[in-house]
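Below, each chain spelled out in residue letters.
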Amino acid sequence: MARGTASHLLRIYSSKHGLFRARVLSFQSNRCFNSNPPNSPNFPSPDPSTYQVINKLITHNPKYSLPNFDNQLYSTLVENGNNFPNSAIVELDQNVEKIVLDEEKTGGCEHIGARDPVEIYRKFRDASRSEKQTRGDWDMLTEIFSSFSKSGWASNQALAVYIGASFFPTAAHKFRNFFFKKCQADVAKYLVGLGPGDAADRFLFPIFAEFCLEEFPDEIKRFRGMIDSADLTKPHTWFPFARAMKRKIIYHCGPTNSGKTYNALQCFMEAKKGIYCSPLRLLAMEVFDKVNALGVYCSLHTGQEKKHVPFSHHVACTVEMVSIDDMFDVAVIDEIQMMSDRHRGYAWTRALLGLKADEIHLCGDPSVLNVVRKICSENGDELYENRYERFKPLVVEAKTLLGDLRNVRSGDCVVAFSRREIFEVKLAIEKHTNHRCCVIYGALPPETRRQQATLFNDQDNEFDVLVASDAVGMGLNLNIRRVVFYNLSKYNGDKIVPVPASQVKQIAGRAGRRGSVYPDGLATTLHLDDLDYLIECLKKPFDDVQKIGLFPFFEQIELFAGQIPNVTFPQLLEKFGENCRLDGSYFLCQHEHIKKVANMLEKVQGLSLEDRFNFCFAPVNIRDPKAMYHLLKFASSYAQNLPVSIAMGMPKCSARSDSELLDLETKHQVLSMYLWLSYHFKEETFPYVKKAEAMATDIADLLGQSLAKACWKPESRQQAKSKPQEKKDGYERPRSIIKLCEKKSHVKSALPAGHLEKVAA
Ligand SMILES: Nc1ncnc2c1ncn2[C@@H]1O[C@H](COP(=O)(O)OP(=O)(O)OP(=O)(O)O)[C@@H](O)[C@H]1O
Ligand SMILES: [Mg+2]
């Protein structure tokens, strides 16, 4: 059934005779709209129950029969009318009865309710002035219109005739003035009988709709244009070429460390022309090195670097950089479950929908399998599912570290979820044991993370413990014997929350990798308090994801901008978010960081809409004022068409304190941002690429050297953060919030103390 049926229903409502028909349709369109989330003008795709209920109604009760019913609509009713639950009929009957009771209250003017609203409207319109009313009736009418203008139901219904929520109060006010100026006595009496509330709103609405169609054609056209331009429904149709291909999709489905990526890469290397899409620069670099080492020429393409290998027909890229213009024999999309990531999910969705490859290998856990099945059937792609099991079992060590980091052993990876904690743990371990620690966390450049991973993997040195953040969850091949969770809560940008089970599984699964020297993978916690939550997470089946991420292309934003001139770019993004329409399997990716950058760049004059859009995707830590300042400077120079320079001093030696280390991290991020911009904008405006690359390499080296000797107390970028209390013997971690927010009784019985339990992660 075509879109806009709700509006179609309203038109029927307002143009045909008959109380029951009108009420039934009103009731039904109301059902449709109320099923939408609040504040969302996602117009309902036609709800088959709309038709089913009317059809049931017709067959069950001849008094509701609709003899002159629209033919096309009627045939749809008949097609869909068989499986409608009786409860809805009862509900509908009750609704109609209530209307009949309301009619009785109207004191002899019930025929007004049965009149064609179009006819009522026209009579009002053509009247020269208002007919006389009593003072009491005027007061009551004033109340009725005040209630109508505040009615959420009416405001929602108005969307169907493209009266937006922001314009509705104005339209309702003008309608009130019109009504009072031209008021007809019988209609007024009928309304006064109904009183303010639902019945009056439902009576007034079709007259209001008719009024709006005549009075506000421009507003309606504008709002309709805006809604149509923010249409993100049916994203698979955005890639007609990929859709026209008969693609073979192979889903390598299984837990961590089960050989999914390995097998997909075998097919990639055997192909004549292949692309590997990675979730991280680090992993793209690793595949690039590995594949070239095996004699398959492969280029590298990430946001920050393009390494072209002569004669190569293969490319390893980050998923955001995937080319949907080129044709490939084989494509690999790694960590496909990231489609549901609330920030970056759109990149995986785009890769899957848009890649022009005969064969696409998806590697990931089973959480998005159902969504992938749906996409394949919509697209006409052939789907094959390959199941995997872990090479080595993952075992939970129930003893834990008993709250004491002195129980750390060689081959342990202690996982903490903030930079500050990572350095606290490193400091404590190195102070109280003979172990030396490597560190890996998100703010480190990929090169440094790799250098630290190599140092840890290498058996012939003293660095035998790894302290890492969740950045360790993906991509690196590490010789980890045991993953120890320092805690199981983390800051999510807003507040401290338990680490999601899927992430706990992913991180714990790093232990006992195939090829490592350890027979099993072990996972445990520092504190006994957290053990139950760890077990619960590992036991939990994978989520069945219902929705995956989507974000508009620039062209879609541009189209939308054409509909609402004179708004700033941040306002434009805000309005797009409010007005875009999405199918049930998709969500709009969160773009708070994009809005933050957009707000900052508002002061920069002379950037085109496209420039603003692109600048907003630059990799910048929005919580780091220094990095934000540099981005602002880069954008200002770019806007003035000046060569963008890197005004930054180069440190001479490795860091001697945490603030110097933080400075190195920021400097590397700024250089990385410069390189990213140089690949996304006119190259000639960024003439210092070579210099930036050299500086970035030097800083990554300095970072590696700094980490090797780091033995200072960590500082926080935001001084406001409270620090944990020091204990006499060195450290005390913050109390586990898992313990605080979990009702644990149901998991307590899951594992007797001292028991080693095998679980799949
Ligand atoms: N058939 C194989 N022969 C030799 N090594 C293998 C084989 N399969 C996998 N490996 C090795 O086992 C390790 C884990 O494999 P892989 O990275 O493919 O797992 P995965 O399922 O993709 O894990 P994750 O979900 O953590 O990415 C890798 O070091 C990989 O090289
Ligand atoms: Mg993998």
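Here the residue numbering is sequential within each chain, running from 1 through the sequence in written order. Chains carry letters and ligands carry numbers; both start at the beginning, A for chains and 1 for ligands, and go up in the order they are written. Per-residue local features are limited, in this predicted model, to residues with pLDDT of at least 70; the limit for side-chain atom pairs, both in listing and counting, is 80 or more; totals at the level of whole chains, interfaces and linings are taken over all residues. To obtain the side-chain values, all non-hydrogen atoms of the structure were included, while hydrogens and water were left out.

Looking at an unreviewed UniProt entry, one finds the protein named ATP-dependent RNA helicase SUV3L, mitochondrial and attributed to Actinidia chinensis var. chinensis. Under the UniProt heading Catalytic activity (unreviewed entry), the note attached to the protein is "ATP + H2O = ADP + phosphate + H(+)". UniProt positions are given in the numbering used here, feature names are shortened, and annotations may be inferred rather than shown by experiment. What UniProt states about the protein under its Subunit (unreviewed entry) heading is, verbatim, "Homodimer; in free form. Component of the mitochondrial degradosome (mtEXO) complex which is a heteropentamer containing 2 copies of SUPV3L1 and 3 copies of PNPT1."

J.: With reference to specific residues and values, describe the overall build of the protein.
T.: Secondary structure assignment for the protein yields 31 helices and 19 strands. In the protein, which comprises 761 residues, the proportion classed as buried is 56%. The contact criterion used is simple: two residues touch if any of their non-hydrogen atoms lie within 4.5 Å. Excluding contacts between residues fewer than 6 apart, the proportion of contacts in the protein whose partners are at least 24 apart in sequence is 78%. All accessible-area figures derive from a Shrake-Rupley calculation using a 1.4 Å probe, and residue coverage is judged against the displayed protein chains alone. Total accessible area on the protein stands at roughly 33400 Å², and carbon and sulfur atoms take up 52% of it. Only runs of H or I of at least four residues qualify as helices and only runs of E of at least two qualify as strands under DSSP, and these elements are numbered from the N terminus. Exposure is judged per residue with a 1.4 Å probe applied to protein chains only, and the accessible area is read against the type maximum: over 50% gives exposed, under 20% gives buried, and values in between give partly exposed.

J.: I'd like to hear about the site of ligand 1, residue by residue, with values.
T.: The rule for a residue being near a molecule or strand is that one of its heavy atoms must lie within 4 Å of it. The immediate surroundings of ligand 1 are formed by 14 residues, with Lys260, Thr261, Tyr262, Arg510 and Arg513 found nearest. In protein, a polar contact requires one atom able to donate a hydrogen and another able to accept it; more generally it is a pair of N or O atoms within 3.5 Å, and residues adjacent in sequence count only if both atoms are side-chain atoms. A distance of 2.8 Å separates an oxygen atom of ligand 1 from a polar side-chain atom of arginine 513. Out of a free accessible area of 620 Å², ligand 1 has 80% covered by protein chains. For the shell around ligand 1, the residue count by class is 3 nonpolar, 6 polar and 5 charged. Domain segmentation is taken from an automatic or database assignment of domains. When residues are assigned to domains, the shell around ligand 1 turns out to be shared by domain 2 (235-387) and domain 3 (394-539), each giving three or more. Side-chain classes are defined by residue name, with Ala, Val, Leu, Ile, Met, Phe, Trp, Tyr, Cys and Pro counting as nonpolar, Asp, Glu, Lys and Arg as charged, and the others, Gly among them, as polar.

J.: Hey, could you go over the domain arrangement of the protein for me, with residue numbers and the actual values?
T.: Structurally, the protein comprises domain 1 (117-224), domain 2 (235-387), domain 3 (394-539) and domain 4 (591-709). Between the C-alpha centres of domain 1 and domain 3 there is a distance of 65 Å.

J.: Which residues make up the packing of aromatic side chains, and what values do they have?
T.: Centre distance within 6.5 Å is the pairing criterion for rings of Phe, Tyr and Trp, where only the six-membered ring of Trp is used; planes under 30 degrees apart are then read as stacked, over 60 as edge-to-face, and the remainder as tilted. Scanning the model with the defined rule gives 40 aromatic pairs in all. Plain terms: the ring middles of tyrosine 121 and phenylalanine 211 are 6.5 Å apart, the flat faces sit at 70° to each other, and that makes the pair edge-to-face. In this pair, tyrosine 121 sits in helix α7 (residues 117-126) while phenylalanine 211 sits in helix α12 (residues 198-215), placing the two residues 90 residues apart along the sequence. The class of phenylalanine 211 is buried, set by a relative accessible area of 3%. Relative to phenylalanine 208, the ring of phenylalanine 168 lies with its centre 5.6 Å away and its plane at 75°, an arrangement referred to as edge-to-face. Residue phenylalanine 168 is located in helix α10 (residues 168-182), and its partner phenylalanine 208 is located in helix α12; the two are separated by 40 residues in the primary sequence. With respect to class, phenylalanine 168 is no different from phenylalanine 208; both count as buried. Charges are assigned to positions over rings by a cutoff of 6 Å between ring centre and Lys NZ or Arg CZ, combined with an angular limit of 35 degrees from the ring normal. Arginine 176 extends its terminal NZ or CZ atom over the ring of phenylalanine 180, reaching a point 4.5 Å from the ring centre.

J.: With reference to specific residues and values, describe the environment of proline 217.
T.: Position of proline 217 among the secondary structure elements: in helix α13 (residues 217-229). The class for proline 217 is partly exposed, based on a relative accessible area of 44%. In this structure, the C-alpha to C-alpha distance between proline 217 and arginine 350, residues 133 residues apart in sequence, is 37 Å.

J.: Break down the sheet that holds strand β2 (residues 274-278) for me, with residues and values.
T.: Strand order in the open sheet formed by 8 strands is β4-β3-β5-β2-β6-β7-β1-β8, with mixed pairing between adjacent strands. Edge strands, defined here as strands with exactly one partner in the open sheet, are β4 (306-307) and β8 (382-387). Where helix α16 (residues 281-293) meets the sheet, its contacts fall on β2, β3 (298-301), β4 and β5 (314-318), and the angle it forms with β3 comes to roughly 165°. Paired strands, in this sense, are two strands between which DSSP finds at least two bridges. The angle between two axes is taken between their N-to-C directions and runs from 0 to 180 degrees, where each axis is a line fitted to C-alpha atoms and a helix contributes only its stretch in contact.

J.: Before we move on, can you summarise the side chain of threonine 318 with the specific residues and values?
T.: Looking at the secondary structure, you find threonine 318 in strand β5. Under the relative-accessibility criterion, threonine 318 is labelled buried at 8%. The contact partners of threonine 318, leaving out residues within four places of it in the chain, are Ser278, Leu280, Arg281, Ala284, His301, Thr302 and Gly303.

J.: Quick one: what's the story with the pattern of salt bridges, residue by residue and with numbers?
T.: Basic side-chain nitrogens of Lys or Arg form a salt bridge, by our definition, when they fall within 4 Å of a carboxyl oxygen of Asp or Glu. Evaluation of the coordinates by the stated rule reveals 29 salt bridges. One salt bridge in this structure joins arginine 406 and aspartate 404, with 3.1 Å as the shortest N-O distance. You can call arginine 406 partly exposed: its relative accessible area is 41%. Judged by relative accessible area, aspartate 404 falls into the buried class, the value being 19%. Between arginine 419 and glutamate 665 there is a salt bridge, with the nearest N and O atoms lying 3.0 Å from each other. Of the two residues, arginine 419 sits in helix α19 (residues 419-432) while glutamate 665 sits in helix α28 (residues 658-680), which places them 246 residues apart along the sequence. Assigned by exposure class, arginine 419 and glutamate 665 land together as buried. Because the salt bridges share partners, they merge into one network encompassing Glu397, Asp412, Arg481 and Arg482.

J.: How would you summarise the packing of helix α27 (residues 625-639) against α28 if you had to cite specific residues and measurements?
T.: In the contact formed by α27 and α28, the axes pass within 9 Å of each other and the chain directions differ by 30°. As the angle between them shows, α27 and α28 are arranged roughly parallel. For the pair α27 and α28, the sense of crossing is right-handed. Where α27 abuts α28, its residues Lys626, Ala627, His630, Leu631 and Phe634 lie against Asp663, Thr666, Val670, Met673, Tyr674 and Leu677. Of the residues that constitute the contact of α27 with α28, the class distribution is 7 nonpolar, 2 polar and 2 charged. For this classification, under 35 degrees means roughly parallel, over 145 means roughly antiparallel, 65 to 115 means roughly perpendicular, and everything else is oblique. By the definition used in this description, the sense in which the near helix is turned from the far one sets the handedness, with an anticlockwise turn below a right angle giving left-handed and a clockwise turn giving right-handed.

J.: A description of the pairing of strand β12 (residues 463-468) should follow, citing residues and the corresponding values.
T.: For a regular strand, the rule is simple: side chains alternate between the two faces of the sheet. With 6 of 6 residues buried, β12 lies mostly within the body of the structure. Relative to β12, strand β11 (residues 436-440) runs parallel, the two sharing 5 bridges. Counterpart to isoleucine 440 in the pairing with β12 is alanine 468. Between the parallel elements β11 and β12, the chain passes through helix α20 (residues 446-457) in a crossover that is right-handed. Orient the strands so they point away from the viewer; a crossover is then right-handed if the path from the first strand over the helix to the second runs clockwise.

J.: Which residues make up the environment of arginine 656, and what values do they have?
T.: In this fold, arginine 656 is placed in the loop between α27 and α28. C-alpha separation for the pair arginine 656 and valine 517, spaced 139 residues apart in sequence, amounts to 35 Å.

J.: Describe in detail α13, supporting the description with residues and values.
T.: Under the convention used throughout, the expected extent of a helix is 1.5 Å for every residue step, that is, one less than its residue count. Spanning 13 residues, α13 covers 18 Å between terminal C-alpha atoms, matching the ideal 18 Å at 1.5 Å per step. Turning to α13, its buried residues are Ile220, Phe223, Gly225, Met226, Ile227 and Ser229. Looking at the packing, one finds that the buried side of α13 touches α12, α23 (554-563) and α24 (569-579).

J.: How would you explain α19 if you had to name every residue and give the values?
T.: Residue pairs three or four apart in sequence face the same way in an α-helix, which turns once every 3.6 residues. Taking 1.5 Å per residue, 14 residues should reach 20 Å; α19 reaches 20 Å between its end C-alpha atoms and fits that length. For α19, the tally of buried residues reaches 10 of 14 residues, placing the bulk of the element in the interior. Looking at α19, one finds that the buried residues are Arg419, Arg420, Glu421, Ile422, Phe423, Glu424, Val425, Lys426, Ala428 and Ile429.

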